[in-house]
Amino acid sequence: MSNLLQGKNVVIMGVANERSIAWGITKSLHNAGANLIFTNRQERSHQKLVKLLEQNDIEPKLVVSCDVASDESIQEAFQEIKEKVGVIHGLVHSVAFAKREELKGEYADTSRDGFLIAQEISAYSLVAVTKAAKELMTEGGSIVTQSYLGSERVIPNYNVMGVAKASLEASVRYLAEDVGKYDIRVNAISAGPIRTLSAKGVSGFNEKANVIVEKAPLRRNVDQDQVGDATLFFISDLSRGVTGEVLHVDSGFHIIG
Ligand code: NDP
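Here we summarise the structure given alongside this text.

Conventions used here
- Residues numbered from 1 in each chain as written.
- Predicted model: local features only at pLDDT ≥ 70, side-chain atom pairs only at ≥ 80, totals over all residues.
- Heavy atoms only, no water.
- Helix = DSSP H or I, 4+ residues; strand = E, 2+ residues; numbered from the N terminus.
- Buried < 20%, exposed > 50% of the residue type's maximum accessible area, 1.4 Å probe, protein only.
- Contact = heavy atoms within 4.5 Å.
- Near = heavy atom within 4 Å.
- Polar contact = N/O pair within 3.5 Å; in protein donor to acceptor, adjacent residues only side chain to side chain.
- Areas by Shrake-Rupley, 256 points an atom, 1.4 Å probe, with all protein chains shown as cover.
- Patch = residues over 30% accessible without salt bridge, like charges linked within 9 Å, V, L, I, M, F, W, Y side chains within 5 Å.
- Salt bridge = Lys/Arg side-chain N within 4 Å of Asp/Glu carboxyl O.
- Lys, Arg positive; Asp, Glu negative; His and termini not counted.
- Charge placed at Lys NZ, Arg CZ, Asp CG, Glu CD.
- Axes fitted to C-alpha atoms, helices over the stretch in contact; angles between N-to-C directions.
- Parallel < 35°, antiparallel > 145°, perpendicular 65-115°, else oblique.
- Left-handed = near helix turned anticlockwise from the far one by under 90°.
- Nonpolar A, V, L, I, M, F, W, Y, C, P; charged D, E, K, R; others polar.

**Brief notes about the environment of Leu 5**
Next up, step 1: Mapped onto the elements of the fold, Leu 5 is located in the segment before β1 (9-13).
Next up, step 2: In this structure Leu 5 comes out as buried when scored by relative accessible area, which is 2%.
Next up, step 3: Taking the C-alpha atoms as reference points, Leu 5 and Asn 31, separated by 26 residues in sequence, lie 8.8 Å from one another.
Next up, step 4: Excluding residues within four positions of it along the chain, Leu 5 makes contact with Leu 29, Ala 32, Gly 33, Ala 34, Leu 232, Ile 235 and Ser 236.

**Some points on the site of the ligand**
Next up, step 1: Not every one of the 28 residues close to the ligand is listed here, only the nearest: Ser 20, Arg 41, Ser 45, Thr 196 and Ser 198.
Next up, step 2: Lys 165 is positioned such that a nitrogen or oxygen atom in its side chain is 2.8 Å from an oxygen atom of the ligand.
Next up, step 3: In the complex, 94% of the free accessible area of the ligand, which totals 890 Å², lies under the protein chains.
Next up, step 4: Elements with a minimum of two residues in the shell around the ligand: β5 (141-147) and α6 (197-200).
Next up, step 5: In terms of residues, the shell around the ligand owes the most to one element, α6, which gives 3 residues.

**Things to note about a positive patch on the surface**
Next up, step 1: On the surface, Arg 19, Arg 41, Arg 44, Lys 48, Lys 51, Arg 100, Lys 104, Arg 195 and Lys 200 cluster together into a patch of positive charge.
Next up, step 2: Per-element accounting of the positive patch gives the leading share, 3 residues, to helix α2 (residues 43-55).
Next up, step 3: Here Lys 104 shows up in the loop between β4 (90-93) and α4 (112-134).
Next up, step 4: Judged by its relative accessible area of 47%, Lys 104 falls in the partly exposed class.

**Some remarks on the pattern of salt bridges**
When their charged atoms lie close together, side chains carrying opposite charge are able to pair.
Next up, step 1: Here the structure, examined in full by the defined rule, presents 4 salt bridges.
Next up, step 2: With a closest N to O distance of 2.5 Å, Lys 99 and Asp 113 form a salt bridge. Taken together, the positions of Lys 99 in the loop between β4 and α4 and Asp 113 in helix α4 put the pair 14 residues apart, joining distant regions of the chain.
Next up, step 3: A relative accessible area of 22% means that Lys 99 is categorised as partly exposed.
Next up, step 4: Taking relative accessible area as the criterion, Asp 113 reaches 41% and is therefore assigned partly exposed.

**Thoughts on the packing of α4 against helix α5 (residues 159-180)**
Next up, step 1: The geometry of α4 relative to α5 is characterised by a closest axis approach of 9 Å and an angle of 20° between their N-to-C directions. With respect to their mutual orientation, α4 and α5 come out roughly parallel. In this structure, the crossing between α4 and α5 has a hand that is right-handed. Judged by residue contacts, Gly 114, Phe 115, Ala 118, Gln 119, Ser 122, Ala 123, Leu 126, Val 127, Thr 130 and Lys 134 of α4 engage Val 160, Met 161, Val 163, Ala 164, Ser 167, Leu 168, Ser 171, Val 172, Leu 175 and Val 179 from α5.
Next up, step 2: Residues that form the contact of α4 with α5 fall into these classes: 13 nonpolar, 6 polar and 1 charged.

The following block contains the structure:
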């Protein structure tokens, strides 16, 4: 797999620290020879990313700031990527946000504002970055986002984020149809629970992880590296016949009734 992505430029959005799913993805894509471009929102994440890259001897092609809540910020980020990198072949969207108070109790109590923020950052952002990225994918490309089973089933406390993930997965299908004619593919990975900064915001993480060990066919939890390798499959030509798909990387948990 060492040269699967040789010469390919891939943008990774969403490394906050070494536990981030996007960091597992970074390692897989780097090992496959990709040139990596990163985007961060918070300065704190930027500093953590730079340190991690140094520690792991990964030379980024570019690191730019991007807040997906702002059209201007997205436009500026992709403009800078266009100027400094030119053509891109892949985009990893590993970004989500919901207010902490919406990730517990009853979904019926979701506020209007909380609903809109979750949709904006966790689902609409894929639409906005696809629009920006497709202009740079002049040689075809692959876009991968991160979803969760809460989009299909009621998972306690996941609430407003489950509805945002349903919207994200529907967007994957509509976007796949739009950009397929440019030889750009759009897919999602639906990962099992992984202990990250974002996962801590959802009440009852331990219960979710324990039930995987108890009930999933593989009887173990997944990790960032497994999601990284599945993302590598989607970003590379190995998956050239696949688009509009949601691939479960969850030890098979989703097939159990
Ligand atoms: P992290 O907290 O490590 O990553 C979340 C990222 O989202 C951060 O890098 C954060 O950037 C970014 N982000 C939030 N708001 C914005 C914004 N307005 N603009 C730009 N970036 C933003 O958690 P995960 O790695 O767990 O999350 C990555 C993805 O994986 C999410 O979509 C999540 O829903 C999904 N997922 C997670 C699972 C899990 O159990 N952990 C399971 C299945 C899916 P910053 O730090 O700069 O704010």
